[in-house]
Amino acid sequence: MSTNFDERDSAYGFEREYERAGMPGRGPRRMQRRKICRFCIDKVDYIDFKDVKLLQSYTPERGKILPRRISGVCAAHQRMLAEAIKRARNIAFLPYAAD
Amino acid sequence: MAEKRTYEVIFIIDPDADDAEVMRLTETTQKIITDQGGSITKTEMMGKRQLAYELSHKRDGIYVLLEVDGSGAEIAELERRMRVNDRILRYMTIRVDEDRRRAQKLKDRRARKAERRTKPGKAQVAEPETDAEAEAA
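It should be emphasised that the depicted structure is a prediction, and the values quoted were computed from it without experimental measurement.

1. Considerations on the sheet that holds strand 2 (residues 39–55) of chain B
The strands making up a sheet associate through backbone hydrogen bonding, with each pair oriented either parallel or antiparallel. Residue and element names in this part refer to chain B. In space, the four strands of this open sheet follow the order 2-3-1-4, with antiparallel pairing throughout. Strands with a single pairing partner mark the edges of an open sheet, and in this sheet they are strand 2 and strand 4 (88–95). The sheet shows a mean angle of 20° between the axes of neighbouring strands, direction not considered. Across seven bridges, strand 1 (residues 5–13) lies against strand 4 in antiparallel orientation. Note on strand 4: the bridge partner recorded for I10 is M92. Against the sheet, helix 2 (residues 73–84) makes contact with strand 1, strand 3 (58–70) and strand 4, and its axis sits at roughly 165° relative to strand 4, the strand it touches most.

The structure is reproduced here in structure tokens:
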């Protein structure tokens, strides 16, 4: 499962913010990097469901919403993001499930 | 119901419809809204776009976005009409005034904070902030 995440995220540029601590059996790679919320830095107040490009970067191949544990998005922005993604799905901007 | 609300209405028209039909459909929807006492603040033809999944066995759709000011009654009527129109593959209405108010609030709060930062003891307080700003840039 964890290997899966690695591959998937590197395609979306999240690998830097990746938390590598606590992976049993994969050696002592304790490269903990402080994760920062991209939306807070950009001072985003509202995430629009029409911004498909942006939303796509938070929905890896499978079409699932990227957990903030991986993306480093803050709770408030993750809520906005989730809402926007769900709206985008409803109007066929994003898939509900992709295989 | 008397309060003023803002909605975003987005709908997908059958990709086989020609320009004239798209115009006609858009105009009818606009008319429904104005007849019911609402007003249209923005119309955006987003054009043909590939759908993320099939709708009525169609792979693309023509997207139209409207921004509507009104009480909510016109939305009810509009949705009722769109539901029975088989040229409209999908529609979605979102109430945006509350979200926008919230966004504005956040923005104001940030502006106030920035003001407070720069005012008292100008140089001393401003120093550590530039660091954070540099990081943000």
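2. Here's the deal with the interface of chain B and chain A
Across the contact, 16 residues belong to chain B and 12 residues belong to chain A. Of all the secondary-structure elements, those providing two or more residues to the side of chain B that touches chain A are strand 1, strand 2, strand 4 and helix 3 (97–118) of chain B. It is helix 3 of chain B that contributes the most residues to the side of chain B that touches chain A, five residues altogether.

Scoring rules and cut-offs
Residues numbered from 1 in each chain as written. Chains lettered and ligands numbered in written order. Predicted model: local features only at pLDDT ≥ 70, side-chain atom pairs only at ≥ 80, totals over all residues. Pairing = 2+ DSSP bridges. Helix = DSSP H or I, 4+ residues; strand = E, 2+ residues; numbered from the N terminus. Axes fitted to C-alpha atoms, helices over the stretch in contact; angles between N-to-C directions. Contact = placed C-beta atoms within 7 Å.

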